[in-house]
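This is what each chain is made of:
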Amino acid sequence: MSEDLGLAPDGTIRREGSLDRVPAEFAAVVAAARSRIAEVFGPDRLDSAYVYGSVPRGTAVPGVSDLDLQLVLRDAPTGRDRADADAVEAELDAAYEEIDGAGILLGGAATLLSALERHDGGFFLACLCTPLLGDDLAAQLPRYRPTSLLARETNGDLCLLLPRWHERAAEATTDAGRRAMSRGVARRIVRTGFTLVMPRWGGWTSDLTESAELFARYYPHLPERAGQMRLAARTGRAPSADPAVLSMLVDDLAPWLAAEHVAVHGEKAPRP
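Residues numbered from 1 in each chain as written. Predicted model: local features only at pLDDT ≥ 70, side-chain atom pairs only at ≥ 80, totals over all residues. Heavy atoms only, no water.

Undergrad: Tell me about the sheet that holds strand β3 (residues 102–108), residues and numbers included.
TA: Read across the open sheet, the four strands follow the order β3-β2-β1-β4; overall the sheet is mixed. Every interior strand has two partners, whereas the edge strands, β3 and β4 (129–134), have only one. Put simply, the sheet's adjacent strands are angled 25° from each other on average, direction ignored. Pairing between strand β1 (residues 46–52) and β4: five bridges, direction antiparallel. Bridged to Tyr52 within β4 is Cys129. Across the sheet, helix α3 (residues 79–95) lies against β2 (67–73) and β3, angled at about 155° from β3, the strand it touches most. Sitting on the sheet, helix α5 (residues 121–128) touches β1, β2, β3 and β4, and the angle it makes with β4 is about 85°. (Pairing = 2+ DSSP bridges. Helix = DSSP H or I, 4+ residues; strand = E, 2+ residues; numbered from the N terminus. Axes fitted to C-alpha atoms, helices over the stretch in contact; angles between N-to-C directions. Contact = heavy atoms within 4.5 Å.)

Shown next as structure tokens:
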């Protein structure tokens, strides 16, 4: 059987999630999210809402996976919008034991549809997000291919995160703090490692294990880095409180990967 590259018949990246793939255990929380978002934000503020991540991909694990949501607002997000989103996150997390937290991203429609965001926020919306409310803005975005441009604009800014990661790692003095940080850092590293090799592979995946294995396939001359990437994938799924793991991710793998990604694909276009 041929390898699934995550592409449509025309060679463009197909949208990876669907409400039809939401596991039965998560149906109630997705329905509640739709209802509360509509009630709290209303049509005056909300353009559209989306769910992304393991829930619409059908791979979510009850009690382990989180619920990820993207809200597109008619105007640029304000402090009030963020406070309302935080309240909805807390409400969903408290009410549904099936999820290990809820996260809501906010963005303005004009920004996400802009030329600057076309291969970052726009790609995320069109290919990685599943419509939940409102008109699907993917209709106003192009079809995407696994190019170096896409790699650069989605993950060509890892170097900018490193100073803050070092600060946060120094502040993470508890097991809970290290687990929380290791999860987010590991996921970002694996996704950056994947986009480093994505154009050579010629497809798209959001699966952490597959991403790490694809990195290893194209970096056979660096077996230590491949092993670190596999550990990062495991940590992204099952966060670690081990200080040595967090140090490896932040102090060793991430700086090497940031430099390698820029060397191969260039730096992401600066944002205002």
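Undergrad: Quick rundown of the pattern of salt bridges? Include the residues and the values.
TA: All chains considered together, the criterion is met by 26 salt bridges. Ionic pairing is found between Arg271 and Glu117, a salt bridge with its closest N-O pair at 3.0 Å. Remark: Glu117 occurs in the loop between α4 (109–112) and α5 and Arg271 occurs in the segment after α11 (243–265); sequence separation between them is 154 residues. What makes Arg271 partly exposed here is its relative accessible area of 29%. A relative accessible area of 12% means that Glu117 is categorised as buried. The salt bridge partner of Arg164 is Glu171, with a shortest N-O separation of 3.9 Å. On the basis of relative accessible area, Arg164 is assigned to the partly exposed category, the value being 41%. Look at Glu171 and you get exposed, because its relative accessible area is 54%. Among the charged side chains, a salt-bridge network with shared partners connects Glu117, Asp120, Arg152, Glu153, Asp157, Arg188, Lys268 and Arg271. (Salt bridge = Lys/Arg side-chain N within 4 Å of Asp/Glu carboxyl O. Buried < 20%, exposed > 50% of the residue type's maximum accessible area, 1.4 Å probe, protein only.)

Undergrad: Can you explain the pairing of β3? Please cite residues and give values.
TA: Inspection of the sheet shows β2 paired to β3 by seven bridges, in the parallel sense. Counterpart to Asp68 in the pairing with β3 is Gly103. Between the parallel pair β2 and β3, the chain is carried across by α3, and the sense of this crossover is right-handed. (Right-handed = clockwise from strand over helix to strand, strands pointing away.)

Undergrad: Go over the packing of helix α8 (residues 175–201) against helix α10 (residues 223–237), please, and point to the residues and values.
TA: It is the contact of α8 with α10, at a shortest axis distance of 8 Å, that shows an interaxial angle of 135°. Taken together, α8 and α10 sit at an angle that is classed as oblique. The hand of the α8/α10 crossing is left-handed. From α8, Ser182, Arg183, Ala186, Arg187, Ile189, Val190 and Gly193 reach across to α10, where they touch Met229, Ala232, Ala233, Thr235 and Gly236. Classifying every residue of the contact of α8 with α10 by side-chain character gives six nonpolar, four polar and two charged. (Parallel < 35°, antiparallel > 145°, perpendicular 65-115°, else oblique. Left-handed = near helix turned anticlockwise from the far one by under 90°. Nonpolar A, V, L, I, M, F, W, Y, C, P; charged D, E, K, R; others polar.)

Worth remembering: the numbers are spatial, not functional.
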